[in-house]
Amino acid sequence: MGILQKLHALPAWIRWPLYALIGIFLLTVVQSISGTDRLTQVSTSREMLRWAVPIFLAGLGGLFSERAGVVNIGLEGMLILGMWFGAWGSIEYGAWWGLVIGMAGGGLGGLLHAIATVTFQVDHIISGVAINILAPAIARYLSDEIWASPTTSPRTSSVGDLDVPFIAGGSIFGWESPDVLLEIGKAEWWFVSDVADLARGLLRGTHWVAIIAVLLVPATTWLIWRTRFGLRLRIAGENPAAGEAQGINIVRYKYVAVIISGALAGLGGAFISTELSGLFQGGNSAGRGFIGLAALIFGNWRPGGVLAGALLFGYVFGLDLKDLDGTASHALLLVNTVVLGAVLVWALKRRRTTDAVLAGILGSAAFVWWLSADAVPSWWSNILPYVLVLLVLVFFSQRLRAPAKLGEPYRKGS
Amino acid sequence: MMRRLLLASAAPVGAFALTLVISSITLWAFGSNPFSAYGDMLSHAAKLETQVDILNRATPLYLSAVAAAIGFRMNLFNIGVEGQYLFAFLIAAQVGSMLALPQLLHIPLIMITAMAVGGAYAGIAGILKVTRGVNEVISTIMLNAIAISGVIAWLQQRWQADQAQFTSTTLGTNPIDESGLFPHINGLLEIFTRDIAQGKELTGLLLVAIAVGLGYHFLLTRMRFGFDLRASGLNPFAARAGGIPPKRMVVAAMFLSGAIAGLIGMVELADTAKFPPDPIKGLGFAGIAVALLGRNNPFAMVLSALLFAFLDISAGILQNTEAATKEIVNIMQGIVLLAAVIAYGVSKRVQEREEARFTAEALAETEPSGVTS
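For clarity, every value in this text was computed on a predicted model and none was experimentally measured.

### Focus on the overall build of chain B
- A count of helical and extended segments in chain B gives 14 helices and zero strands.
- In chain B, the succession of helices and strands from N to C terminus is α-α-α-α-α-α-α-α-α-α-α-α-α-α.
- The C-alpha radius of gyration computed for chain B amounts to 23 Å, which stays within 12% of the reference 21 Å derived for 373 residues, consistent with globular compactness.
- Expressed as a percentage of the 373 residues in chain B, the buried residues total 48%.

### Examining the overall build of chain A
- Tallying secondary structure elements over chain A gives 17 helices and four strands in all.
- For chain A, the C-alpha radius of gyration of 22 Å lies close to 22 Å, the compact-globule estimate for 414 residues.
- Across its three principal directions, the C-alpha atoms of chain A cover 60 × 55 × 40 Å.
- Buried positions account for 52% of the 414 residues belonging to chain A.

### Some thoughts on the nonpolar core
- Counting residues in each nonpolar core, the largest one holds 244 residues, and the members touching the most others are F56(A), V66(B) and V341(B).
- In terms of residue count, the dominant contributor to this core is helix α11 (residues 246-272) of chain B (16 residues).
- Residue assignment places this core across two domains, with domain 1 (40-159 + 205-322 + 400-414) and domain 2 (164-204) of chain A each supplying three or more.

### Overview of the interface of chain B and chain A
- The partner chain A presents 36 residues to the 36 residues of chain B that form the contact.
- Those elements that place two or more of their residues in the side of chain B that touches chain A are α5 (103-132), α6 (136-158), α12 (283-293) and α14 (328-372) of chain B.
- Across the side of chain B that touches chain A, the residue classes break down as 25 nonpolar, nine polar and two charged.

### Remarks on the domain arrangement of chain A
Residue and element names in this part refer to chain A.
- Taken domain by domain, chain A holds domain 1 (40-159 + 205-322 + 400-414) and domain 2 (164-204).
- If you average the C-alpha positions of domain 1 and of domain 2, the two centres end up 32 Å apart.
- Of the residues lining the interface, 10 residues belong to domain 1; the matching set on domain 2 comes to 10 residues.
- The element that contributes the greatest number of residues to the side of domain 1 that touches domain 2 is helix α3 (residues 42-67), accounting for six residues.

### Re helix α4 (residues 75-93) of chain A
All names here are of chain A.
- Spanning 19 residues, α4 covers 25 Å between terminal C-alpha atoms, matching the ideal 27 Å at 1.5 Å per step.
- Across the 19 residues of α4, 17 count as buried, placing the element largely inside the fold.
- A positive phi of about 110° marks G94, the residue just after α4.

### Comments concerning helix α12 (residues 250-277) of chain A
Residues and elements named next belong to chain A.
- The first and last C-alpha atoms of α12 sit 39 Å apart over 28 residues, in line with the 40 Å expected at 1.5 Å per residue.
- F271 marks the point of greatest bend in α12, at about 30°.
- In terms of burial, α12 is a largely internal element, 23 of the 28 residues being buried.

### A closer look at unusual backbone geometry
Residues and elements named next belong to chain A.
- At A286, a residue that is not glycine, the phi angle is positive and equals roughly 50°.
- Positionally, A286 belongs in the loop between α12 and α13 (288-298).
- Look at A286 and you get partly exposed, because 18 C-beta atoms sit within 10 Å.
- The phi dihedral of W301 is positive, around 60°, even though this residue is not glycine.
- Taking the C-beta count within 10 Å as the criterion, W301 has 22 such neighbours and is therefore assigned buried.

### Comments concerning the environment of F317(A)
Residues and elements named next belong to chain A.
- Inspection of the secondary structure assignment puts F317 in helix α14 (residues 303-322).
- For F317, a count of 24 C-beta atoms within 10 Å translates into the label buried.
- Residues F317 and E47 lie 270 residues apart in sequence; the distance between their C-alpha atoms is 8.0 Å.
- Each residue touching F317, except ones within four places of it in the same chain, is listed here: W51 and P385.

### What to know about the environment of V316(A)
All names here are of chain A.
- Within the secondary structure layout, V316 lies in helix α14.
- For V316 and E47, which are 269 residues apart along the polypeptide, the C-alpha to C-alpha distance reads 9.5 Å.
- When residues no more than four places from it in sequence are discounted, the contact partners of V316 are L384, P385 and L388.

### Examining the packing of α3(A) against α13(A)
All names here are of chain A.
- Contact pair α3 / α13: the axes reach a minimum separation of 7 Å and the direction vectors enclose 60°. Overall, the two elements α3 and α13 adopt an arrangement that is oblique. Where α3 crosses over α13, the two elements pack in a sense that is right-handed. Contacts from P54, I55, F56, A58, G59, G62, L63 and E66 of α3 reach α13 at R288, G289, I291, G292, L293, A295 and L296.
- Tallied by class, residues from the contact of α3 with α13 come to nine nonpolar, four polar and two charged.

### Description of the environment of M48(A)
Residue and element names in this part refer to chain A.
- With respect to the helices and strands, the residue M48 is situated in helix α3.
- Residue classification places M48 among the buried residues on the basis of 24 C-beta atoms within 10 Å.
- Between the C-alpha atom of M48 and that of W190, which follows or precedes it by 142 residues, the distance is 22 Å.
- Setting aside anything within four residues of it in sequence, one finds M48 in contact with L311, G314, Y315 and G318.

### A few points about the confidence of the model for chain B
- Mean pLDDT over chain B works out to 87, with 95% of the residues at or above the 70 mark.
- Interface confidence for the predicted complex, expressed as ipTM, amounts to 0.86; the pTM equals 0.90.

Each value, and the rule that gives it
- Residues numbered from 1 in each chain as written.
- Chains lettered and ligands numbered in written order.
- Predicted model: local features only at pLDDT ≥ 70, side-chain atom pairs only at ≥ 80, totals over all residues.
- Helix = DSSP H or I, 4+ residues; strand = E, 2+ residues; numbered from the N terminus.
- Rg over C-alpha atoms; globule rule 2.2 N^0.38 Å.
- Buried ≥ 20, exposed ≤ 12 C-beta atoms within 10 Å, placed from the backbone.
- Core = buried A, V, L, I, M, F, W, Y, C linked by C-beta atoms within 7 Å.
- Domains from an automatic or database assignment.
- Contact = placed C-beta atoms within 7 Å.
- Nonpolar A, V, L, I, M, F, W, Y, C, P; charged D, E, K, R; others polar.
- Expected span 1.5 Å × (residues − 1).
- Bend = angle between axes of the 7 residues up to and from the residue.
- Axes fitted to C-alpha atoms, helices over the stretch in contact; angles between N-to-C directions.
- Parallel < 35°, antiparallel > 145°, perpendicular 65-115°, else oblique.
- Left-handed = near helix turned anticlockwise from the far one by under 90°.
- pLDDT = per-residue confidence, 0-100.

Here it is in structure tokens:
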């Protein structure tokens, strides 16, 4: 039994933190060699979380829809609807209502997608493309009508954030608790302080929506794999004809799933406008609906996997934002080298020649680049997240399992 | 036959009617008079100069639609037309500016460069699909982002025309010599109309777009490759059993789609003579909409390209007369698209039901004779 199998045998609550620690260890080692300290700074993990939350929410939305067999590339459009409606609700009725109304806006997009794909059996991609074209137009029009500017809104209010007490110095009833992670981070112990810094970025000034998002992982797992509702939802995606034979109203489950999908993407959008930017701004979605879809595929259509994918993509996005001189992205090249080296070893063991050759070439290229330069140009750090998505798909697409009837039109009684 | 034609046209007409209803309600709800808005749009479009504008916009939209349609015909979703055309536009503009050739060589060379770049960039997605199983929807979306926010931004900076002062007129790549610019065809239009005023120029690429449309039509109806393309889209398993290599078809279709996408930017290039700092964006996504609205049909896509171009150009007049918020035209584009794809779904179902009934009737008629024999 190899190490990988042993790792897989561990329970999830040990396995995932262990993976995270291995990842941080790699970052620390690379950082020591490369001479940058940005890879494990407090601000880096804070930015990572800020980017990851909407990506994760969109990806989780995709999970609901795709588990029920409906491909949803309209997530980007639903996220944009959520951005607009969230901002509008926040301005009109207050911060929490903003989130709710943002979800409703995204859910409306989901309803549209469900009507087109489930009732009228329009091709799922085509309907998604149509929604992605319609949604920004709606947002622009409504902005122009209500705020007299097609691209920006007035300031919105935010539901705020939380400093976790005792660990990250949050206060309880006015009493300021100790900031343990700050002290450990200051001590500059190799690796330990790096872990503390990254953890502090996640636990201090944590947006309430981020906390809700993380709680959605176990909630979704329970809902989809442990309840009757979830079982039926999955039947709609795996074998609708069998579900129908058991008397399940497949159409209704698909509708509910796609509307939830839109609502989650809408929450992600509302988070962007009300919590991150503090206003609605056209184009601020930055394609995070699409990236969410990539996180969904990366996560093999599982909530924990989607979160991992969102954090990974969020890390690269967040790092890019803080990396003005390109040294941190340069250090990432070495991380790429190591990871691709690991893929190479794994592929050789499995006798997957193409994978091995590909990993070898890409890994050496990253290494040579790392050796020959001190910093990478800004355009490279801009495209790195998207390159990462492509790379992940290149190596893992064939190992993933999508719901069996994903994207196939379902017609009752056939 | 007549019935089928009626049924086929009922869907888009119904979709358009629904669009008018919804957008009228929207306009009315926000305190604008829909009829004065439509009136302004129509009277504006009745002017010859506006029609030139519409044709100039419809040309790249149509090219973009054909590019998307080539993929759609075999169930390949090339969402990356946007990145492909901008990338091709930039490279072709740069290559064109470095050459000094006679017109008959210069123009084709620039266009071939654009097609090669667009095709190659789209081809990446095709190759990733057949060799690594990467879904082309995601990969083309990522390639869009890589091209637009990364590679183009970088090359734009590198190839910035080397003038000392950065003003809006000097920004962009070095200008191309007159010999590399596709000539306008005002003369051709003026045979039928009065002289075009306001210095408007009808793009010569209109002829290229017509040729591309006809080529697409003949490809689908008269050529082996077009047949293979449609067969692979209709039934990939049957196509494979019939000896059509599926992997090669995917890569070829993506390449062709990207090559046509490469031509989109040529319309703007003929006008600006360089890759401007802020080129027209969004034509790739709009082209997808035009293709879907026109059901990938070379002739129906002409109408939908003209409709989208008319709506695009109408935004300006709405802003001038303040009859309505100009974004209404984008909403109309989105609604007409969504309504049309739904209407097509319905009409396909009606058609299938009719065929089933027809077959059942025909069988019922022949059955007695079968029993007696």
